[in-house]
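Overview (structure and organization)
Below are the chains, spelled out letter by letter.
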Amino acid sequence: MHIAVITLFPAYFEGPLAVGTVARAVAAGVLDVELVALREYGVGNHRQVDDAPFGGGAGMVLMAGPLTDAVEGREDSHRVLLTPAGHRLDQATLDHWATLDSLTLVCGRYEGVDERFTEASIDEEVSLGDYVLAGGEAAAVSVIEGVARLLPGVLGNPASIEIESFRDGLLEEPQYTRPAVFRDRPVPPVLLSGDHGRIAAWRAEQRIERTRSRRPDLLGEYPPRH
Ligand code: SAH
């Protein structure tokens with residue numbers, strides 16, 4: 001899979017691309033990330049990419065021209081703008097994107113991007129959540145990481161993808177590892193019972209209980225749509 005990232009700050013991605021799951025996906029050849037420096041598409045000697053907003057107001061807006069030039073020729077790629085005004089990113093969206101050949105992630109900065117660029121050149125607008133970041137880069141890293149771990153052969157144990165939070169519309173059950181007692185806190189005894197049927201039933205019950213107490217909004221979608 002090819003992911004192009006349009007950004008004013010390509011250096012932002014050096015760390016995230018170099019470690020863990022994403023680095024493994026790149027090394028395995030199932031993921032290829034292309035960093036596109038928006039500055040190179042800037043206008044004039046100063047490579048200007050932003051300007052003051054029409055109608056007045058604080059801050060600067062990324063101009064439609066450089067952004068449009070940067071995504072030109074990428075019409076076959078699914079072009080995504082990271083913006084707080086988009087629909088909230090979720091697992092179903094990542095599952096779908098992981099099946100695509102090509103994704104283009106556009107990172108805004110400052111006050112955002114000229115709306116005419118979005119109208120003409122963006123296929124989908126996505127938000128990381130109901131809060132404001134300084135730029136789309138952190139959101140793009142989230143997308144890259146969320147997609148990379150779904151690509152074939154990247155995770156050692158594909159079962160960990162099948163049973164995890166959101167996959168069945170529920171949060172995951174609590175997890176425990178050694179030691180069996182940590183500072184007077186024992187793990188739930190059922191997990192030491194060796195009885196796989198009881199363990200599975202306990203886990204299922206925990207998933208529902210946790211979701212009910214922490215994220216009742218998710219239960220509105222249970223059983224899942226997919
Ligand atoms: N003035 C804008 C915020 C701009 S923040 C507003 O009020 O909506 C600058 C850039 O950061 C945005 O263009 C976007 O690319 C990115 N960004 C900020 N918050 C984000 C979020 N929750 N999800 C995805 N991208 C976000």
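The structure presented is a predicted model; accordingly, all values stated were derived computationally and were not measured. (Residues numbered from 1 in each chain as written. Predicted model: local features only at pLDDT ≥ 70, side-chain atom pairs only at ≥ 80, totals over all residues. Heavy atoms only, no water.)

1. Overview of the pattern of salt bridges
Scanning the entire structure with this criterion turns up 11 salt bridges. Between Arg149 and Glu164 there is a salt bridge, and its shortest N-O distance comes to 2.9 Å. In this pair, Arg149 is assigned in the loop between helix H6 (137-148) and helix H7 (159-162) and Glu164 in the loop between H7 and strand S8 (181-182), connecting sequence segments 15 residues apart. The exposure class of Arg149 is partly exposed, given its relative accessible area of 23%. As a salt-bridge pair, Arg212 and Glu209 come within 3.6 Å of each other at their nearest N and O atoms. Taken together, the positions of Arg212 and Glu209, both in helix H8 (residues 196-214) and 3 residues apart, correspond to about one turn of that helix. (Salt bridge = Lys/Arg side-chain N within 4 Å of Asp/Glu carboxyl O. Helix = DSSP H or I, 4+ residues; strand = E, 2+ residues; numbered from the N terminus. Buried < 20%, exposed > 50% of the residue type's maximum accessible area, 1.4 Å probe, protein only.)

2. Description of the side chain of Arg109
On the secondary structure map, Arg109 appears in the loop between strand S6 (102-107) and helix H5 (115-121). Judged by its relative accessible area of 16%, Arg109 falls in the buried class. Of note is the side chain of Arg109, whose polar atom sits 3.0 Å from the side chain of Glu137. Setting aside residues no more than four positions away along its own chain, Arg109 makes contact with Leu8, Phe9, Tyr12, Leu62, Ala134, Gly135 and Glu137. (Polar contact = N/O pair within 3.5 Å; in protein donor to acceptor, adjacent residues only side chain to side chain. Contact = heavy atoms within 4.5 Å.)

3. Structural notes on the nonpolar core
Counting 31 residues, the largest nonpolar core has Ile3, Leu31, Trp97, Leu105, Val143, Ile144 and Val147 as the members making the most contacts within it. Here this core takes 7 residues from H6, the largest share from any one element. Setting aside its immediate chain neighbours within four residues, Val143 contacts Leu82, Leu89, Leu94, Trp97, Leu103 and Leu105. Leu8, Leu38, Val49 and Ile122 belong to the second-largest nonpolar core, a separate cluster that totals 15 residues. (Core = buried A, V, L, I, M, F, W, Y, C linked by side-chain atoms within 4.5 Å.)

4. Observations concerning the site of the ligand
Close to the ligand lie 19 residues; Leu82, Gly108, Leu128, Tyr131 and Leu133 are nearest. A distance of 2.9 Å separates an oxygen atom of the ligand from a polar backbone atom of Gly108. Here the ligand, which alone exposes 560 Å², has 82% of that area covered by the protein. Mapped by element, the contributors of at least two residues to the shell around the ligand are strand S5 (78-88) and strand S7 (124-127). In terms of residues, the shell around the ligand owes the most to one element, S5, which gives 3 residues. Considered class by class, the residues forming the shell around the ligand number 10 nonpolar, 7 polar and 2 charged. (Near = heavy atom within 4 Å. Areas by Shrake-Rupley, 256 points an atom, 1.4 Å probe, with all protein chains shown as cover. Nonpolar A, V, L, I, M, F, W, Y, C, P; charged D, E, K, R; others polar.)

5. A word on a nonpolar patch on the surface
A cluster of nonpolar side chains, namely Phe9, Tyr12, Met60 and Tyr110, defines an oily patch on the protein surface of about 360 Å² accessible area. Note on placement: Met60 falls in the loop between strand S3 (50-51) and strand S4 (61-62). Relative accessible area serves as the criterion here: at 31%, Met60 is assigned to the partly exposed category. (Patch = residues over 30% accessible without salt bridge, like charges linked within 9 Å, V, L, I, M, F, W, Y side chains within 5 Å.)

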